Amino acid sequence: MVDGGRRIEHTEWQLEWAPDLPFRIHEYHNLLAAVLAADASLAPATLIAAADRALVAPIRSTVVLLSGREQPWPAEGSYRTSPEGAPFSGVTFRIDAVYQRTVAELLARDSPLWLVFAPLAVDAGPDAMKHAIAKLRESTPPREFHELAVAMIVMADVDRRRRQLRRAILPLLSEDTVMQNWIYKQGEEKGYKQGEASGYKQGEEKGAERALVTTLRGVFVRRAGRPPSEDEERALANRAHELTADALVDVIDMPREAFLRWVTSS
């Protein structure tokens, strides 16, 4: 609700800018409007807006950028469908480059969600991470804190400035938080360093695979009610290696027994 009226917030999370991004925002924005209009057409006639008013609530689109150029982004982007010189027709969208914000700016948003991106902030460092974790802990219940703290670790791993902030965050978390949500072994740390040595792209690929392992391990703990054994850890790592991000949704939705069979059959 904004100024007493309903508004739809459409947000896209983007690792970096892509040439087709403005068109995709235009496409998603209009598809969302079409779906909302279709839902409204099914409502009783008294609830459908009059012909001289919008059929659906206003939609504000936002792109949240996690990395990219150092040059500041404009506050707004657009995709134009009308000819040059004609009145504008198309979609405009906000650009929120969180990696160009300061930690103080993210804290000022007064929402635990934005604390997740503190490791990407332009002035992020060990002291700032300590402050962000403390603020996150005091503003969220334990379960949410665990999930958001692990998300902070993931953000630290995708930080293109490569400031190694995961090392600053981990000591601030309890062993329970780390061990139930993150694979923290010397072998993985070695693999991460090897990924950096052989090229940043490979390091990114290993980072994505570690994130999948983290998610699978969390699902395992919830399904089995216990941490995985060494053999099961290896099985989870093998599954993460062959699993795509799209297929992860199906895996998370598996019933308990089906999921455990899927892990052990790798």
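All values derive from a computational prediction rather than experimental measurement.

A. Looking closely at unusual backbone geometry. Its identity as a non-glycine residue notwithstanding, Asp 110 has a phi of 55°, on the positive side. Locating Asp 110 in the fold gives a position in the loop between α2 (103-108) and α3 (112-115). A relative accessible area of 65% means that Asp 110 is categorised as exposed. At Gln 164, a position not held by glycine, the phi torsion is positive, near 55°.

B. How the structure looks around the packing of aromatic side chains. On inspection of all chains with the given rule, the structure shows seven aromatic pairs. For the pair Trp 17 and Trp 73, a centre-to-centre distance of 4.9 Å together with 25° between the ring planes defines the contact as stacked. Residue Trp 17 is located in the loop between β1 (8-14) and α1 (21-41), and its partner Trp 73 is located in the loop between β2 (59-65) and β3 (76-80); the two are separated by 56 residues in the primary sequence. The class of Trp 17 is partly exposed, set by a relative accessible area of 28%. Residue Trp 73 is classed as buried on the basis of its relative accessible area, which comes to 18%. Here the guanidinium or amino end of Arg 69 rests over the ring plane of Trp 73, the centre of that ring lying 3.8 Å away. The residue whose ring lies beneath Arg 109 is Trp 114, and the NZ or CZ to ring-centre distance is 4.5 Å.

C. Main features of the confidence of the model for the chain. With 78% of its residues at a pLDDT of 70 or more, the chain shows a mean pLDDT of 81. Taken as a whole, residues 45-52 scores under 50 in pLDDT and shows six contacts with residues more than four places along the chain or in a different chain. Taken as a whole, residues 182-188 scores under 50 in pLDDT and shows 17 contacts with residues more than four places along the chain or in a different chain.

Cut-offs applied
Residues numbered from 1 in each chain as written. Predicted model: local features only at pLDDT ≥ 70, side-chain atom pairs only at ≥ 80, totals over all residues. Heavy atoms only, no water. Helix = DSSP H or I, 4+ residues; strand = E, 2+ residues; numbered from the N terminus. Buried < 20%, exposed > 50% of the residue type's maximum accessible area, 1.4 Å probe, protein only. Phe/Tyr/Trp six-rings, centres within 6.5 Å; stacked < 30°, edge-to-face > 60°. Lys NZ or Arg CZ within 6 Å of the ring centre and 35° of its normal. pLDDT = per-residue confidence, 0-100. Contact = heavy atoms within 4.5 Å.

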